[in-house]
Amino acid sequence: MPKEESSKVTRRSTRSSASATVENPEPIESHPPTIDDLTFGDESITLDAVLSDFPGRRSQIFDFIRLMGPLDCPTLPIMIYGGASTGKTSVVLQVLRHLNRPFVYSSCRTCYNPRILFESILNQLLLHRKCSSNGYSSAKRCDKPSDFVNLVREALSNVIKTLESASGTSRLNKPDEKPMGKMVYLILDNVDLIKDWDKGSMILQFLFSLDSVLKMPQLGIVLISGLPPDVYYSNMGYTDPIPLLFPEYSEEDLRQIFLRNQANPKLYSAFLDAVLRSFCRVTRRVEELSTTFSSLFRKYCEPLDDLGISPNEDMKRRLYSHLKPFIAPCLNDIFRVSTHPHDGETRGERRQKVSYSSENREELKILDFHMSTSAKYLLIAAFLASRNPATLDASMFDSTGGMDNRKRKRKASEKSMEKKEIAEQEAVMKGPGSFPLERLMAIFQCIASVGDSSFGEENEGEEEEDATGYDRENNNLMSDILLQVSSLCDANFLIKSGSCPLEGSIRYRSMVSEDLALKVAKSLSFPLAKYLYRR
Amino acid sequence: MGKEIPAEKSLNLIRGRLCDPSFIFGPLSASSDSNYSKLKFIVSTSITEGCNNSILLLGPRGSGKAAVLDLVVGDLLEQFPDSVSVIRLNGLLHSDDNCAFKEIARQLCMEHHLLFSKMASFDENSHFIIAMLRECGLAHKTIIFVLDEFDMFAQARILISFNLLIGKQRLLYSLLDAMQSVTSQAVVIGISSRLDADQLLEKRVRSRFSHRKILFLPPSRDELDGLLEHLLSLPADSSFPSGYVSRFNDKIKNITSDRRFKDILKTFFNAHSTVNSFLKFIFCAVSLMNLESGLLSLENFKAALSRMQRQPKLEAVRDCSVLELYLLVCMRRLEVKEQNSYNFISVMKEYKAIHDSFQTSDYYAQNVCIRGFEHLRERQVICYAENRGQSQTGEYRPMKLLISASELHQGMRSHACCPVSHPSQVIGPLISLFLSLGNKTVSQGPVICMFISW
């Protein structure tokens, strides 16, 4: 018989850890895992419970159960696909809990490379749990698909032998429990993430043809993917698994989902009547809607003293009119998770802030993070450097302070308007321009001095000025400034954009949107609009 | 244990048949000029005459090459119990030559009850294999090498190891060379779905390869009808209740002779031609069987056909929200205006222009639209036009649509996001926006006001 060496990975220990004694030995594992652990484990649930847990997924649940088939029914591989938060993983796991069949679950999000994925599947099949007694190591070391196939064959045949002997003896303890059967199901979640792995396409092809490589009819394979199956088509072929689509929820389903587990369903359903339709126009994903609805519902219930009453028509209208001004700004904030804690004392302050923002919906809001003054000036300087062409610096930053917008008085001809449009389009496509560090410093010095309202002192607007030639007052700021530039780079407000091969200096690019720059300028009371070059 | 209802039993039986290749390809290979007989003839003559041989089995994926080979090998192992041993390699798993030699050595050890050490080096493995080949040749034992996914063994790959250059097909060369020089009896059978797999071989490998090819063509309609009957008819043994078997088989006969069923099959065969896709179709239909009556019906087959014929981009567009549809329509309008490269900022400008001229009520801030874009990108309806340009943020990178105009139009027409009482109030204006393209002065068009009543 072939004998293979055991593959315990021996770890090299440092001198200090080898000499240190263990202070608190951990308690010994209560029990090693058994074959029963391959099923879901908790109390099994009825089909009605599964159907009521997942409103709107009735047909998909029935389809999945039919594809799985009755007990011990061989099956071809199945692929379940759909958008995010459509309930794929939870439906699969709950159906397997209902059917009480043994399964092995691995997600390609937590197992982020092939070795971890293979070892996780093997650990579950070999009923091996990582604990301190075995040094948190896997049962077998496996990083190649060829080893995986051999090891899985062995492990699966052992598991199936155990299952067959277990099903032979009658189970006396729980007579109404469903039998476990003789098949094991392998569930791989987030298969679409494998595309970004190293050699991902080979691994994907291997997984899709796993059933024909293994040739074991007692293994059923279920793949869960966020992307539709046609994404995986490549010039390496394989046979398609059977697809099962989980579409996005419709409005009716969303209403039922949100009405579950609510303390006061009538009140909440009145609330949903008011907001659901308009929010569904933006997105229909449950996770994005639920964060917005929870904060909006709090606002909705503000005028009510007793949250347990069921509203009549008149009250509904009153509550809706109270809520109405908040809906539109909330729509624009729908993907933003608020950083402010929700407690009752700050309610007055929040109302004030919200009313301020509802006044000028499209206008500026307050900058909601803190930056030092020099960093703010640097940010504005970078924004200007990216937006304005370099040749205009001299005229822009001269002693009169700001470009004279009254220059353009000539009526533009048709051809030049066309040229202007094309130039505008090209500018939009190119994005913000890049600039060397010296130009940034020069602009920064100019506008920082403008902010200090000391006009006549500086008249340098040229690019190539040496930074240390400036006023003594600003000299001690220079080292700080270079530090600020690197921290702005870390915060992704500036990015390094490649160096000019002739000059050798690094060029930067500003990644700040115009809204943010206007907000920062407003907080400094800096007239940004005067310095922006508009074609 | 316990009583199984007959419907479940028959379902188990049929599904088991569908997942068992030998059951399916047995009757298909029964005739005398089938691929099965040809293959069996070649291999059995090389076993009896003690000569070397190499064959390629070619055909599209799912036409049963591996299944027929398994049938042949099974028959030969029965016929010549002691003089045949089989080594199986797969191009997916063992394309690396180190891996391949290790696997061959391991399988040879298992056959001949020898000890196998995982730590053996590449050279040791190759010496061992050559020695085994010689021994088996002297003992008049034939080794059959089955190389699945043959084209992956033959493909040029860049490997990190310094002694493996691009294009060296080391395993194939050593196998075929050993067959020629050592006194060995070996048959190398390659299986590939690339019809030009032998063109991929290097000159020296090709010269040692006998150019025998067996093509696996799609089966004819008669063969498939016979297969259908063979699969779906229940055996008349006593494990089923007596009336059930005859009722089931009669229902099958009714369905297969129905004209609508023949139409369904014709539609199916317009798109799929291999045996495996046919099996998947039957599997879908059978799994939809009504468990109370225990009989198949025509509706099962219709539903299975619609499941096999998916329209993925249509599904993606149907899952979009109204804002995302607006963004798609804006991108399409930019394309019609001959602006072939556009990025997020230009799409936002178009969006604002539409809002200004058409007074739509769906005008959202930029951060909301960016998330809408992200959702569209996740669903693979749009993508970035070039992969480089990573130094730009997502807003400035050029994008492109991955769906065509007609798909977008069809998706919008069948979109479900409209209340029942106002069927076209939401999507209708979008469609007219979409259709009123090509006009630069858009403000001349009709003003469409949208009223959403609470």
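Residues numbered from 1 in each chain as written. Chains lettered and ligands numbered in written order. Predicted model: local features only at pLDDT ≥ 70, side-chain atom pairs only at ≥ 80, totals over all residues. Heavy atoms only, no water.

- Taking an unreviewed UniProt entry as the reference, chain B is identified by name as Origin of replication complex subunit 4 belonging to Arabidopsis lyrata subsp. lyrata.
- According to the UniProt record, the Sequence similarities (unreviewed entry) comment for chain B is "Belongs to the ORC4 family."
- As its UniProt record puts it under Function (unreviewed entry), chain B is described as follows: "Component of the origin recognition complex (ORC) that binds origins of replication. DNA-binding is ATP-dependent. The specific DNA sequences that define origins of replication have not been identified yet. ORC is required to assemble the pre-replication complex necessary to initiate DNA replication." (UniProt positions renumbered as here; feature names shortened; annotations may be inferred.)

- In its Sequence similarities (unreviewed entry) section, the UniProt record describing chain A reads: "Belongs to the ORC5 family."
- Word for word, the UniProt comment on chain A under Subcellular location (unreviewed entry) is "Nucleus".

Some points on the overall build of chain B
Logical step 1: Scanning chain B from N- to C-terminus turns up 20 helices and seven strands.
Logical step 2: Taking all 454 residues of chain B together, 49% fall into the buried category.
Logical step 3: Partitioning the intrachain contacts of chain B with sequence separation of at least 6 by distance along the chain shows that 71% fall at a separation of at least 24.
Logical step 4: As presented, chain B carries roughly 21,100 Å² of accessible surface, and 54% of it is formed by carbon and sulfur atoms. (Helix = DSSP H or I, 4+ residues; strand = E, 2+ residues; numbered from the N terminus. Buried < 20%, exposed > 50% of the residue type's maximum accessible area, 1.4 Å probe, protein only. Contact = heavy atoms within 4.5 Å. Areas by Shrake-Rupley, 256 points an atom, 1.4 Å probe, with all protein chains shown as cover.)

Considering the overall build of chain A
Logical step 1: Helix and strand counts for chain A come out as 20 helices and eight strands.
Logical step 2: Evaluated residue by residue, chain A yields a buried proportion of 45% over its 535 residues.
Logical step 3: A separation of at least 24 residues holds for 75% of the contacts in chain A among residues at least 6 apart in sequence.
Logical step 4: Just so you have it, chain A exposes about 29,100 Å², and 51% of that area is on carbon and sulfur atoms.

Here's the deal with unusual backbone geometry
Residues and elements named next belong to chain A.
Logical step 1: Here the phi dihedral of serine 85 falls at roughly 50°; this positive angle occurs in a residue that is not glycine.
Logical step 2: In this structure, serine 85 sits in the loop between β1 (78-82) and α4 (88-99).
Logical step 3: Judged by its relative accessible area of 33%, serine 85 falls in the partly exposed class.
Logical step 4: The residue lysine 215 is not glycine, and still its phi comes out positive at about 55°.
Logical step 5: Residue class for lysine 215 comes out partly exposed when judged on its relative accessible area of 48%.

So, the UniProt feature "domain: ORC5 lid" (unreviewed entry) in chain A
Logical step 1: UniProt records the feature "domain: ORC5 lid" (unreviewed entry) for residues 268-319 of chain A in the present numbering.
Logical step 2: Along residues 268-319 of chain A the backbone is 67% helical and 0% strand, and the end-to-end C-alpha distance reaches 12 Å.

A look at a negative patch on the surface
Logical step 1: A cluster of like negative charges, contributed by Asp222, Glu223, Asp225 and Glu229 of chain B, occupies part of the molecular surface.
Logical step 2: Locating glutamate 223 of chain B in the fold gives a position in helix α10 (residues 221-232). (Patch = residues over 30% accessible without salt bridge, like charges linked within 9 Å, V, L, I, M, F, W, Y side chains within 5 Å. Salt bridge = Lys/Arg side-chain N within 4 Å of Asp/Glu carboxyl O. Lys, Arg positive; Asp, Glu negative; His and termini not counted. Charge placed at Lys NZ, Arg CZ, Asp CG, Glu CD.)

Topic: the interface of chain B and chain A
Logical step 1: The interface is formed by 72 residues belonging to chain B together with 74 residues belonging to chain A.
Logical step 2: Here chain B packs against chain A, burying approximately 6,500 Å² in sum over the two surfaces, 55% of which is carbon and sulfur.
Logical step 3: The partner of arginine 379 of chain B in a salt bridge is glutamate 248 of chain A, and the shortest N-O contact between them spans 3.3 Å.
Logical step 4: Run the count over chain B and chain A and you get 22 residue pairs in polar contact (both at pLDDT 80 or more).
Logical step 5: Contributions of two or more residues to the side of chain B that touches chain A are made by α1 (6-18), α5 (97-111), α13 (275-287), α15 (312-318), α16 (322-336), α17 (344-358) and α18 (366-378) of chain B.
Logical step 6: Of the residues contributing to the side of chain B that touches chain A, the split by class is 31 nonpolar, 21 polar and 20 charged. (Buried area = accessible area lost by both parts, 1.4 Å probe. Polar contact = N/O pair within 3.5 Å; in protein donor to acceptor, adjacent residues only side chain to side chain. Nonpolar A, V, L, I, M, F, W, Y, C, P; charged D, E, K, R; others polar.)

Considerations on a nonpolar patch on the surface
All names here are of chain B.
Logical step 1: A surface patch of nonpolar side chains, amounting to about 330 Å² of accessible area, comprises Leu195, Leu215 and Leu217.
Logical step 2: Here leucine 195 shows up in the loop between β4 (186-192) and α9 (203-207).
Logical step 3: With relative accessibility at 54%, the residue leucine 195 sits in the exposed group.

Some thoughts on the pattern of salt bridges
Logical step 1: Within the structure shown, the criterion is met by 32 salt bridges over all chains.
Logical step 2: Residue aspartate 70 of chain B pairs with lysine 215 of chain A through a salt bridge whose shortest N-O separation is 3.9 Å. In this pair, aspartate 70 of chain B sits in helix α4 (residues 65-79) while lysine 215 of chain A sits in the loop between α8 (210-214) and β4 (219-225), so the two residues belong to two different chains.
Logical step 3: A relative accessible area of 27% places aspartate 70 of chain B in the partly exposed class.
Logical step 4: Close ionic contact of glutamate 374 of chain B with arginine 377 of chain B constitutes a salt bridge, the shortest N to O distance being 3.5 Å. Of this pair, glutamate 374 of chain B and arginine 377 of chain B are both found in helix α18, three residues apart, which corresponds to roughly one turn of the helix.

Thoughts on the packing of helix α9 (residues 251-259) of chain A against helix α10 (residues 265-280) of chain A
Residue and element names in this part refer to chain A.
Logical step 1: Where α9 contacts α10, the two axes come as close as 10 Å, and the packing angle between them is 140°. Of the two elements, α9 crosses α10, and the hand of that crossing is right-handed. Residue-level contacts link Glu251, Leu254, Arg255, Phe258 and Leu259 of α9 to Pro265, Tyr268, Ser269, Leu272, Asp273, Leu276, Arg277 and Cys280 of α10.
Logical step 2: Across the contact of α9 with α10, the residue classes tally to eight nonpolar, one polar and four charged. (Axes fitted to C-alpha atoms, helices over the stretch in contact; angles between N-to-C directions. Left-handed = near helix turned anticlockwise from the far one by under 90°.)

Some points on the packing of α1 of chain B against α13 of chain B
Residue and element names in this part refer to chain B.
Logical step 1: The interhelical angle for the contact between α1 and α13, taken along N-to-C directions, is 165°, at an axis separation of 10 Å. One finds that α1 runs roughly antiparallel with respect to α13. Seen along the crossing, α1 lies across α13 with a hand that is left-handed. Residues Leu11, Ile14, Arg15 and Leu18 of α1 lie in contact with α13, whose contacting residues are Leu279, Ile282, Phe283, Val286 and Ser287. (Parallel < 35°, antiparallel > 145°, perpendicular 65-115°, else oblique.)

Quick word on the sheet that holds strand β5 (residues 242-246) of chain A
All names here are of chain A.
Logical step 1: Read from one edge to the other, the open sheet built from five strands follows the order β2-β3-β4-β1-β5, with strand pairing classed as parallel. Lying at the two open borders of the sheet, with one neighbouring strand each, are β2 (103-107) and β5. Direction aside, the axes of adjacent strands within the sheet are offset by 15° on average.
Logical step 2: As judged from the five bridges shared by strand β3 (residues 184-189) and β4, these two strands associate in the parallel manner. Bridge pairing in β4 links leucine 188 to leucine 223. (Pairing = 2+ DSSP bridges.)

Side note on the sheet that holds β4 of chain B
Residues and elements named next belong to chain B.
Logical step 1: Within the open sheet, the five strands sit side by side as β2-β3-β4-β1-β5. Their pairing is parallel. Both outer strands of the open sheet, β2 (84-90) and β5 (212-215), are each paired with one neighbouring strand and no more. Averaged over all adjacent pairs, the angle separating strand axes in this sheet is 20°, with direction ignored.
Logical step 2: Here strand β1 (residues 53-58) runs beside β4; their pairing, made up of six bridges, is parallel. Within the sheet, the bridge partner assigned to serine 54 lies in β4 and is valine 188.
Logical step 3: On top of the sheet, helix α8 (residues 170-181) reaches β1, β2, β3 (142-148) and β4; it is set at about 150° to β4, its chief contact.

Re the domain arrangement of chain B
Logical step 1: Under the domain assignment, chain B is made up of domain 1 (6-14 + 220-309), domain 2 (29-215) and domain 3 (314-438).
Logical step 2: For domain 1 of chain B versus domain 2 of chain B, the separation of C-alpha centres amounts to 38 Å. (Domains from an automatic or database assignment.)

Side note on the environment of aspartate 198 of chain B
All names here are of chain B.
Logical step 1: If you trace the backbone, aspartate 198 turns up in the loop between β4 and α9.
Logical step 2: Judged by its relative accessible area of 4%, aspartate 198 falls in the buried class.
Logical step 3: C-alpha of aspartate 198 to C-alpha of cysteine 19: the two residues are 179 residues apart in sequence and 31 Å apart in space.
Logical step 4: Leave out the neighbours within four places in its chain, and aspartate 198 touches Leu56, Arg206, His211 and Lys213.

As for the packing of aromatic side chains
Each aromatic ring pair is specified by the distance between its two centres and by the angle formed by the two planes.
Logical step 1: Counted according to the given criterion, the structure contains 25 aromatic pairs over all chains.
Logical step 2: When the centroid spacing of 6.2 Å and the interplanar angle of 75° are considered together, the rings of phenylalanine 148 of chain A and phenylalanine 206 of chain A count as edge-to-face. One end of the pair, phenylalanine 148 of chain A, is in helix α6 (residues 145-168); the other, phenylalanine 206 of chain A, is in helix α7 (residues 200-208), with 58 residues separating them in the sequence.
Logical step 3: We classify phenylalanine 206 of chain A as buried; its relative accessible area is 1%.
Logical step 4: Of the aromatic side chains, those joined through ring pairs into one cluster are Phe258, Tyr268, Phe271, Phe279, Phe293, Phe297 and Tyr300 of chain A.
Logical step 5: Across from the ring centre of phenylalanine 326 of chain A, 5.5 Å away, lies the NZ or CZ of lysine 299 of chain A, which sits over that ring.
Logical step 6: One residue, arginine 204 of chain B, lies across the ring of tyrosine 173 of chain B, its end atom 4.0 Å from the ring centre. (Phe/Tyr/Trp six-rings, centres within 6.5 Å; stacked < 30°, edge-to-face > 60°. Lys NZ or Arg CZ within 6 Å of the ring centre and 35° of its normal.)

Focus: the domain arrangement of chain A
Logical step 1: The domains assigned to chain A are domain 1 (35-169 + 176-245), domain 2 (251-334) and domain 3 (367-397 + 430-449 + 474-534).
Logical step 2: Between the C-alpha centres of domain 2 of chain A and domain 3 of chain A there is a distance of 43 Å.

As for the nonpolar core
Logical step 1: Grouped together as the largest cluster of nonpolar side chains are 92 residues, with contacts concentrated most on Phe64 of chain A together with Leu232, Phe248, Phe278, Phe281, Leu296 and Phe301 of chain B.
Logical step 2: Ranked by the residues each element gives to this core, the list is headed by α13 of chain B, at nine residues.
Logical step 3: Not counting the four nearest positions on each side in its chain, phenylalanine 301 of chain B is found in contact with Leu232, Ile255, Phe261, Ile264, Phe281, Ala285 and Leu296 of chain B. (Core = buried A, V, L, I, M, F, W, Y, C linked by side-chain atoms within 4.5 Å.)

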